[in-house]
Amino acid sequence: MANLKGKVIIVTGAAMGLGLAAAEVLVSKGADLTLVDYNDEALNKTKEELVLKFPDRKFLTVAADVSVEENVKNYVYQTVKEFGKVDGLYNNAGIEGKQAPLVDYDIDVFKKVIDINLLGVYYGMKYVIPELQKNGGGKIVNVASVGGIRGVLNQTAYVATKHAVAGMTKNAALEYGKDNILTNAIAPGAILTPMVAEAFRQVNPDDPKTAEKEYASRNPTKRLGNPEDVAHLVAYLLSDENGYVSGQVIAIDGGESNMYGNS
Ligand SMILES: NC(=O)c1ccc[n+]([C@@H]2O[C@H](COP(=O)([O-])OP(=O)(O)OC[C@H]3O[C@@H](n4cnc5c(N)ncnc54)[C@H](O)[C@@H]3O)[C@@H](O)[C@H]2O)c1
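Residues numbered from 1 in each chain as written. Predicted model: local features only at pLDDT ≥ 70, side-chain atom pairs only at ≥ 80, totals over all residues. Heavy atoms only, no water.

Participant: Would you mind showing me how to read the overall build of the chain here?
Facilitator: Helix and strand counts for the chain come out as 8 helices and 7 strands. Computed over its C-alpha atoms, the radius of gyration of the chain comes to 18 Å, within 12% of the 18 Å expected for a compact globule of 263 residues. For the chain, the spread of C-alpha atoms along the three principal axes comes to 50 × 40 × 35 Å. Burial status across the chain gives 50% buried among its 263 residues. In the chain, once contacts between residues fewer than 6 apart in sequence are set aside, the share between residues at least 24 apart is 74%. Taken as a whole, the chain presents about 12,600 Å² of accessible surface, with 53% of it coming from carbon and sulfur. (Helix = DSSP H or I, 4+ residues; strand = E, 2+ residues; numbered from the N terminus. Rg over C-alpha atoms; globule rule 2.2 N^0.38 Å. Buried < 20%, exposed > 50% of the residue type's maximum accessible area, 1.4 Å probe, protein only. Contact = heavy atoms within 4.5 Å. Areas by Shrake-Rupley, 256 points an atom, 1.4 Å probe, with all protein chains shown as cover.)

What follows is the structure in structure tokens.
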């Protein structure tokens, strides 16, 4: 049972999907949260819902694009101003980009995916780590993907950036373990969020539900993951119960990434 009482945690991409599910679980375990997203409207709606469900907890919202360094600096600054410290970062905001074979991949989309998925995660660590050092330590969970440990057809930019997240995670763990900072990445398989719903629309615009069913049938568990499945792993990694897991890229995918050949 992860206990997060008294912890201040920053969640990026908090307005929906994995970020929102994690925010609910983190707050239910006692954390106060800074909720970061560039979708201002959805972010405020999320905050309103969380305040209703958890009236005793504190929430700060900061509208920010994680690919803009000054925005990242600001969400960390605002967090320290409001709560006096940072204990953890859930470095989750990311985009898929458009699906296309490597040769045909739109370079502007490619660069945008790099800016958000790679630089956004890097900036988050760059500005949070000094605050964790001041605080005597803390925890970082970066969001990679199964695409950070395997190839995924038609997703070169996404796969490149998620491998980069896995690499940066290992380096941060090596460089800041001495400061009592444990850094890990999670590598989710297909989890049913708005991002994945859009991916199925790209695969089969006329019948995304069939694309979803076909995808799920290849998983050993014969289902997609739920955002809550991921949220509980994140809560553990950010809690004091995690005393020694660091530098890992932890798959959460129903076992699918171990499969070779046909299911
Ligand atoms: N859902 C999955 O199956 C899955 C699998 C592997 C990895 N992931 C990763 O998990 C993370 C969350 O994915 P999701 O499925 O919840 O996606 P989602 O699209 O449902 O939600 C992502 C949230 O991040 C926000 N966001 C995107 N870019 C941003 C930016 N530049 N600045 C601030 N906020 C930004 C969006 O507004 C949105 O609220 C991503 O990094 C994604 O690559 C998801």
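Don't stop here, the text continues.
Participant: Got a minute to help me understand the packing of aromatic side chains in this structure?
Facilitator: Aromatic rings in a pair are described by how distant their centres are and how their planes are angled relative to each other. If you walk through the whole model with that rule in mind, you get 3 aromatic pairs. Between the aromatic rings of Tyr 105 and Phe 110, the centroid separation amounts to 5.4 Å while the plane-to-plane angle is 75°, which identifies the pairing as edge-to-face. (Phe/Tyr/Trp six-rings, centres within 6.5 Å; stacked < 30°, edge-to-face > 60°.)

Participant: Help me out: how do you make sense of the side chain of Thr 169 in this one?
Facilitator: Its location among the elements puts Thr 169 in helix H5 (residues 156-176). Residue contacts for Thr 169: discarding those within four places in its chain leaves Asn 142, Thr 183, Asn 184, Ala 185, Gly 247 and Gln 248.

Participant: Looking at this structure, I do not really get the environment of Gln 202. What am I missing?
Facilitator: Summarising the element assignment, Gln 202 is placed in helix H6 (residues 194-203). Along the sequence, Gln 202 and Ala 21 sit 181 residues apart, while their C-alpha atoms lie 24 Å from each other. Those residues in contact with Gln 202, other than ones at most four positions away along the chain, are Glu 96, Gly 97, Lys 98 and Gln 99. A polar atom in the side chain of Gln 202 sits 3.1 Å from the backbone nitrogen of Gln 99. (Polar contact = N/O pair within 3.5 Å; in protein donor to acceptor, adjacent residues only side chain to side chain.)

Participant: I would appreciate a short explanation of the site of the ligand in the present structure.
Facilitator: The full set close to the ligand counts 29 residues, and Leu 18, Asp 37, Tyr 158, Ile 191 and Thr 193 are the nearest of them. Val 66 has a polar backbone atom sitting 3.0 Å from a nitrogen atom of the ligand. Contact distances for the ligand include 2.9 Å between an oxygen atom and a side-chain N or O atom of Lys 162. Counting only elements with at least two residues in the shell around the ligand, the list comes to helix H1 (17-28), H5 and H6. It is H6 that contributes the most residues to the shell around the ligand, 3 residues altogether. Looking at the shell around the ligand, its residues break down into 18 nonpolar, 8 polar and 3 charged. When residues of the shell around the ligand are assigned to domains, at least three map to each of domain 1 (8-189 + 226-253) and domain 2 (190-224). (Near = heavy atom within 4 Å. Nonpolar A, V, L, I, M, F, W, Y, C, P; charged D, E, K, R; others polar. Domains from an automatic or database assignment.)

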